[in-house]
Amino acid sequence: MNEDKGKGKGVALVTGANRGIGKEVARQLALAGYEVLLSARDGEKASAAAREVADATGGAVRALELDVADPGSIELAARRVREDPGRLDVLVNNAGVGTDFGVSGTAPDFGAVQRALDTNFFGAYRLTIELLGLLRESERPRVVNVSSGMGGVAEMGGWSPGYRVSKAAMNAMTRILSTELAGEGFLVNSGCPGFVNTDMGGPMGAQKPVEEGAAGIVWLATLPDGGPTGGFFRDGTPVAF
Ligand SMILES: NC(=O)c1ccc[n+]([C@@H]2O[C@H](COP(=O)([O-])OP(=O)(O)OC[C@H]3O[C@@H](n4cnc5c(N)ncnc54)[C@H](OP(=O)(O)O)[C@@H]3O)[C@@H](O)[C@H]2O)c1
């Protein structure tokens, strides 16, 4: 057993954490006492952000290179995590791309639909499965899929078909895994950060501060035993699938 086991609140991996909501989730988890594996597809950006978050929080933050759209990168990163720290309690599938915002569903760009699925759905799903063995060793395994209200089927409107379908698929994955893992102490949920002022949301006019959007994700990542599973939440409040 790795000697780090049992220290602190546990180990949390956040994807796409070099900027935006992911970096803020990493910061808040570090402040909460988690050892954070701050991952990004560009290793240098991961290192720079990990240093920044560690300096700002005084927490244990280390960089991990991980491109969730690349199955080989997922395999390699998962192997690294299994080797060191050899523990994982929280996985935040945050990495995401908006490839076709505003594009009509009647005139889709199928390449853009595929790219949204590759990152937002297959990336999160593959990574979760690759890390499942390690998560199963945790006393409190938590998986948060950073989704979007745009992926809610019940109230879904038009446009942005790739982004919407990728987040709807992610939400289905939340339901499937939460059901199958319910007997093993897992809490698996989807979280919508809301319309947040980041590189993704800001150009469309989002005003919500990133700290607030991230807080609802961190809440799901740090749920106590007996907390909800298989849900879809924004700012701690259930939203329609
Ligand atoms: N902002 C909003 O209003 C809003 C609303 C609802 C949901 N969301 C969701 O919240 C999550 C974070 O969004 P954000 O607003 O923080 O977006 P952002 O500022 O555009 O940041 C996206 C992050 O994902 C990373 N990423 C993209 N593709 C990746 C890949 N293949 N592998 C690893 N990392 C990858 C980016 O890395 P690079 O720097 O390398 O590109 C970046 O770190 C996304 O899943 C998004 O869909 C956002």
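For clarity, every value in this text was computed on a predicted model and none was experimentally measured.

Considering the packing of aromatic side chains
Okay, so step 1: For the structure shown, the criterion picks out five aromatic pairs.
Okay, so step 2: With centroids separated by 5.3 Å and ring planes inclined at 80°, the aromatic side chains of Trp219 and Phe233 adopt a geometry described as edge-to-face. Here the residue Trp219 occupies a position in helix α7 (residues 210–221), and Phe233 occupies one in strand β7 (residues 232–234), the gap between them amounting to 14 residues.
Okay, so step 3: Taken together, Phe121, Phe122 and Tyr125 form an aromatic cluster joined through their ring pairs.

Description of the packing of helix α1 (residues 20–31) against helix α2 (residues 43–57)
Okay, so step 1: Contact geometry of α1 with α2 gives a least axis separation of 10 Å together with a crossing angle of 40°. Comparing their axes, α2 and α1 come out oblique. Considering how the two elements wind past one another, α1 and α2 form a crossing that is right-handed. For the pair formed by α1 and α2, the contact residues are Lys23, Ala26, Arg27, Ala30 and Leu31 on the first element and Ala49, Glu52, Val53 and Thr57 on the second.

Overview of α2
Okay, so step 1: Between its first and last C-alpha atoms α2 spans 21 Å; for 15 residues at 1.5 Å apiece the expected length is 21 Å, and the two agree.
Okay, so step 2: When α2 is considered as a whole, its buried residues turn out to be Gly43, Ala46, Ala49, Ala50, Val53, Ala54 and Thr57. Along the long axis of α2, the arc covered by the buried residues comes to 135°, so they all point the same way. Residues Glu44, Arg51, Asp55 and Ala56 are exposed on α2 and point more than 90 degrees away from its buried face.
Okay, so step 3: Looking at the packing, one finds that the buried side of α2 touches α1, β2 (35–40) and β3 (61–65).
Okay, so step 4: Following α2 by one or two positions, Gly58 has its phi on the positive side, about 70°.

Focus on the confidence of the model for the protein
Okay, so step 1: Summarising the model, the protein shows a mean pLDDT of 96, and 97% of its residues fall at 70 or more.
Okay, so step 2: With pLDDT under 50 throughout, residues 1–6 is counted as low confidence; its partners more than four residues away or in other chains account for 11 contacts.

Topic: the pairing of strand β1 (residues 11–14)
Okay, so step 1: With burial as the criterion, each face of β1 is covered, one bearing Val11 and Leu13 and the other bearing Ala12 and Val14.
Okay, so step 2: Pairing between β1 and β2: four bridges, direction parallel. Bridging from a neighbouring strand, Val14 pairs with Leu38 of β2.
Okay, so step 3: Handedness of the crossover joining β1 and β2 through α1: right-handed.
Okay, so step 4: Both β1 and strand β4 (residues 90–93) contribute to a ladder of three bridges, which runs parallel. Paired with Leu13 across the strands is Leu91, a residue of β4.

Parameters and conventions
- Along each chain, numbering runs from 1 in the same order as the chain's sequence is written.
- Thresholds applied to this predicted model are a pLDDT of at least 70 for local features of residues and 80 or more for the giving and counting of side-chain atom pairs; totals over whole chains, interfaces and linings are not thresholded and use all residues.
- Only hydrogens and water are set aside; all other atoms, that is, all heavy atoms of the structure, feed into the side-chain values.
- Pairing of aromatic side chains here covers Phe, Tyr and the six-membered ring of Trp, requires ring centres within 6.5 Å, and sorts the geometry by plane angle: under 30 degrees stacked, over 60 edge-to-face, intermediate tilted.
- Here a strand is any run of E in DSSP of at least two residues, a helix any run of H or I of at least four, and the numbering for each starts at the N terminus.
- Interaxial angle, 0 to 180 degrees, is taken between N-to-C directions of lines fitted to C-alpha atoms, where a helix line uses only the stretch in contact.
- Roughly parallel covers angles under 35 degrees, roughly antiparallel covers those over 145, roughly perpendicular covers 65 to 115, and oblique covers all other angles.
- Crossings are assigned a handedness: left-handed for a near helix turned anticlockwise from the far helix by less than a right angle, right-handed for a clockwise turn.
- Contact definition: two residues touch when any of their heavy atoms are within 4.5 Å.
- Here a helix's expected span is defined as the number of its residues, less one, multiplied by 1.5 Å.
- Exposure classes here rest on a 1.4 Å probe applied to the protein chains alone. A residue is buried below 20% of its type maximum, exposed above 50%, and partly exposed in between.
- When we speak of the arc, we mean the arc of directions from the helix axis to the C-beta atoms.
- Confidence scores per residue from the predictor, reported as pLDDT, run from 0 to 100.
- Two strands pair under a simple rule: DSSP has to find at least two bridges between them.
- Here is how to tell: hold the view so the strands point away, follow the path from the first strand over the helix to the second, and if it runs clockwise the crossover is right-handed.

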